[in-house]
Amino acid sequence: MADNLPSEFDVVVIGTGLPESIIAAACSRSGQRVLHVDSRSYYGGNWASFSFSGLLSWLKEHQENSDIVNECPPWQEKILENEEAIALSRKDKTIQHVEVFCYASQDLHEDVEEAGALQKNHASVTSANSTEAADSACLPTEDQSLSTASCEIPTEQTPSSDPESALEVNDFEATGEKENHCDKTCVPSTSEKETSENVPMAENTAEQPKKNRITYSQIIKEGRRFNIDLVSKLLYSRGLLIDLLIKSNVSRYAEFKNITRILAFREGRVEQVPCSRADVFNSKQLTMVEKRMLMKFLTFCMEYEEHPDEYKAYEEITFYEYLKTQKLTPNLQYFVLHSIAMTSETASSTIDGLRATKNFLHCLGRYGNTPFLFPLYGQGELPQCFCRMCAVFGGIYCLRHLVQCLVVDKESGKQISRAVLITDKSVLKTDSDQQISILTVPAEEPGAFAVRVIELCSSTMTCMKGTYLVHLTCTSSKTAREDLEPVVQKLFTPYTEKEIENEEVEKPRLLWALYFNMRDSSDVSRNSYNDLPSNVYVCSGPDCALGNDNAVKQAEALFQQICPNEDFCPPPPNPEDIILDGDSLQPEASESSAIPEANSETLRESANLRNPEEPSE
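Please read all numbers here as calculations on a predicted model, not as lab measurements.

Engineer: How would you summarise the nonpolar core if you had to cite specific residues and measurements?
Structural biologist: By size, the foremost hydrophobic cluster in this structure holds 99 residues, and its most contacted members are F52, F297, L472 and W512. The element best represented in this core is strand β19 (residues 509–519), accounting for 8 residues. Each residue touching F52, except ones within four places of it in the same chain, is listed here: Y216, I219, I220, G223, F226, I228, I422 and W512. Formed by 45 residues, the second largest nonpolar core is a distinct cluster that contains L18, V231, F386 and L558.

In structure tokens, the structure reads:
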């Protein structure tokens, strides 16, 4: 560590996942001296987002990590007689069963500058083979991670006094001005030229079917346009994380887009689910009688706590059985169960289902016609936003610093099955190609789990134009591929030469796929370990839930233990109230030394986050 940096801290946070980053921000904001370290070269841990080349490097890093042999470390010789060290495992055991498939064709006449191209025609490649030649230099550095968070022109983002409008939500499709800005800050200047070279113009009718072909080489060259999340989640518009972003003013470091539609998979078809009042009455799927039934039931769900007599007798049965007792058609029962309550036939009790339905309806209308928001550039932006707040108030960051001894890692039996897909079109085609969708596919076998599908378009800044980034998530019962591949086969078709010639393919073509299992450590706490010192606290990793409430609740609970009677992530002071004298200067001085690029935006506040001149459609 540099000689001019502090050597003593009040709080040391290990790992830059979401709960750790929130705790670090809260402690720094309350005046604690914070050191935030991570052995990785990027922010976020298992909450991170990667460009396509960065993801290949992450796969390579995972393979190298699995080959680590724990030896007698040299630091043991430095432990004094009156000291005791608890070793940390150097192996990351949270990711398992990694499998990569490439379906997109490769044009061997193109010069691909990046190594790591996979074999043609979905040959299964394990992590040992698929990433051996990946360019590890493409992993985000500390500076790159922060510049990504500020890629939305920070000077246009200023705090708002109105909590309802204190979050920037983009309803418009990506405009030319926005695209040009991101080309300059996020993408090499030659990418547009390379893209045009990768798509051959049809000179005769024989080549016509191939003009829209997306090759693996093109994905590699456009890899900086991808931001691929390791964990797939959405933000409830009235959830704890949104409230925290607004309260702490961290929302000025990020931008969001509405999820535009809720989908259902029924009888082999993908359908759009009407959930708002306008959607219900505009729906052509429902009869007039069904519309009245659905509105009456949803109105009851919003007020169910005021009418206990109507559900008390059904508390001991599942929500699915309860829906059968209501005046709802099978069609409506399916929509409510899988796409509004987002549960399964056996997973939720009546009370849990009513609570989930009320939460869904309560979040409608705050920022759009669905309850959900998604951060531009991926979920990995959220930990970085809180890391920036920590740095603004004096926190010190050290990436690529491995903490070798503290707490012994402990295995957890729960796993999350994840798949990341790149496809060429949406699962449900509409007039607009900029739809952001969430789809729940129910389990078909006993003991299996429903699969959550989130489809992201290019305007979310997570994939290149002409493609979609699709995340699949479920609780593991087998390996990720075994759990998720049946759903992938229902919704998508492999991208092969034979299918390219057929322009009438109904399903989206699958270009590239990654499967892996991630440990669900949401139930890990201090009680999971023996003989921990009283000043050591344990954060869990991502869970399988759709929202981020568990991370926020955990961060607030740990913060109250570390700093009792302190306010959790209060808003920063108004610049007009800051007295530049003595100790009052400390947060601003720390800001200039810890994160200079945030200087101008931290001291610039106005009544509205959205630039009045920002175009919208």
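Engineer: I'd like to hear about the pattern of salt bridges, residue by residue, with values.
Structural biologist: Applying the stated rule across the entire model yields 17 salt bridges. One salt bridge connects D10 with R33, and the closest N-O pair in it is separated by 3.0 Å. On the criterion of sequence distance, the pair formed by D10 in the segment before β1 (11–14) and R33 in the loop between α1 (18–29) and β2 (34–38) is long-range, its members being 23 residues apart. By relative accessible area, D10 is classed as partly exposed at 41%.

Engineer: Tell me about the packing of helix α10 (residues 288–302) against helix α13 (residues 350–363), and please be specific about residues and values.
Structural biologist: The geometry of a pair of packed helices is captured by two quantities: the angle between their axes and the separation between those axes. Between α10 and α13, the least distance of the axes is 8 Å, while the angle of their chain directions is 100 degrees. As summarised for this structure, α10 and α13 are arranged roughly perpendicular, according to the angle between their axes. On the side of α10, the interface is formed by L298, F300, C301 and M302, while α13 contributes L354, T357, K358, L361 and H362. For the contact of α10 with α13, the residue count by class is 6 nonpolar, 2 polar and 1 charged.

Engineer: I'd like to hear about the confidence of the model for the chain, residue by residue, with values.
Structural biologist: Confidence in the prediction of the chain, expressed as mean pLDDT, is 75, and 68% of residues score 70 or more. Below pLDDT 50 for its whole length, residues 172–210 participates in 56 contacts with residues either more than four positions away or in separate chains. With pLDDT under 50 throughout, residues 583–617 is counted as low confidence; its partners more than four residues away or in other chains account for 82 contacts.

Engineer: Summarise the state of the cysteines; cite the residues concerned and give the values.
Structural biologist: By definition, a disulfide is the covalent link that joins the sulfur atoms of two cysteine residues. Here the structure, examined in full by the defined rule, presents 0 disulfides. The structure places no disulfide on C544, whose sulfur is separated from the nearest cysteine sulfur, that of C474, by 6.6 Å. Relative accessible area serves as the criterion here: at 15%, C544 is assigned to the buried category. No disulfide involves C569; its nearest neighbouring cysteine sulfur is the one of C27, lying 8.8 Å away.

Engineer: Describe the packing of aromatic side chains, naming the residues involved and giving the relevant values.
Structural biologist: Under the defined criterion, the tally for this structure stands at 16 aromatic pairs. Aromatic side chains F50 and W58 sit 6.2 Å apart centroid to centroid with 35 degrees between the ring planes, which places their arrangement in the tilted category. By relative accessible area, W58 is classed as buried at 5%. Put simply, the rings of Y42, F50, W58 and F516 touch in pairs and so form one group of aromatic residues. Positioned over the ring face of Y334 is R266, at 5.4 Å from the centre of the ring.

Engineer: Which residues make up the sheet that holds strand β13 (residues 396–399), and what are the values?
Structural biologist: If you walk across this open sheet you meet the 3 strands as β1-β2-β13, and the pairing is parallel. Pairing within the sheet leaves two strands with one partner each, and these edge strands are β1 and β13. The average angle at which neighbouring strand axes cross in this sheet is 15 degrees, direction not considered. Strand direction decides the pairing type here: β2 and β13, joined by 4 bridges, are parallel.

Engineer: Before we move on, could you go through unusual backbone geometry and cite the residues and values that matter?
Structural biologist: For H97, which is not glycine, the phi torsion reads 55 degrees and is therefore positive. The backbone of N565 shows a phi angle near 70 degrees, a positive value even though the residue is not glycine. Along the chain, N565 turns up in the loop between α17 (549–562) and α18 (586–594).

Engineer: Describe the layout of surface pockets, listing the residues and the values that go with them.
Structural biologist: Quantified by volume, the second largest pocket comes out at close to 1200 Å³. Lining the second largest pocket are 39 residues, with A341, M342, T343, A347 and S348 positioned closest to its centre. Here the lining of the second largest pocket gets 5 residues from one element, more than from any other, and that element is α13. Considering only residue class, the lining of the second largest pocket consists of 18 nonpolar, 13 polar and 8 charged.

Conventions and cut-offs
Every chain begins its residue count from 1, and numbering advances along the sequence as written. Predicted model: local features are reported for residues with pLDDT of at least 70 only, side-chain atom pairs are reported and counted for 80 or more only, and whole-chain, interface and lining totals are derived from all residues. The side-chain figures draw on all heavy atoms in the structure; neither hydrogens nor water molecules are used. Residues belong to a common nonpolar core when they are buried Ala, Val, Leu, Ile, Met, Phe, Trp, Tyr or Cys residues joined through side-chain atoms within 4.5 Å. Only protein chains enter the accessibility calculation, which uses a 1.4 Å probe. A residue is then buried if its area is under 20% of the maximum for its type, exposed if over 50%, and partly exposed in between. Comment: elements are numbered from the N terminus, with helices defined as DSSP H or I runs of at least four residues and strands as E runs of at least two. Contacts between residues were defined by any pair of non-hydrogen atoms, one from each residue, lying within 4.5 Å. Salt bridge, as applied in this entry: a Lys or Arg side-chain nitrogen positioned within 4 Å of an Asp or Glu carboxyl oxygen. Here, axes are lines fitted to C-alpha atoms. For helices the fit covers the stretch in contact, and angles between N-to-C directions go from 0 to 180 degrees. If an angle is under 35 degrees, it is roughly parallel; if it is over 145, roughly antiparallel; if it lies from 65 to 115, roughly perpendicular; otherwise it is oblique. Basically, the charged four are Asp, Glu, Lys and Arg, the nonpolar ten are Ala, Val, Leu, Ile, Met, Phe, Trp, Tyr, Cys and Pro, and anything else, Gly included, counts as polar. Summary of the metric used: pLDDT quantifies the predictor's per-residue confidence within the range 0 to 100. Note on terminology: disulfide denotes any pair of cysteine sulfur atoms within 2.5 Å. Here a Phe, Tyr or Trp ring, Trp counted by its six-membered ring, pairs with any other such ring whose centre lies within 6.5 Å, and the pair is stacked when the planes are under 30 degrees apart, edge-to-face when over 60, and tilted otherwise. The criterion for a charge sitting over a ring is simple: Lys NZ or Arg CZ within 6 Å of the ring centre, and within 35 degrees of the ring normal. We treat two strands as partners when DSSP finds at least two bridges between them. The rule is simple: put a 1 Å grid over the protein atoms alone, call a set of points where a 1.4 Å probe fits but cannot get out a cavity, call an open set with protein on both sides within 12 Å along at least five of seven lines a pocket, and count a residue as lining if it has an atom within 4 Å of a point. Grid points are joined across faces, edges and corners, and a volume is the space filled by probe spheres set on the points.

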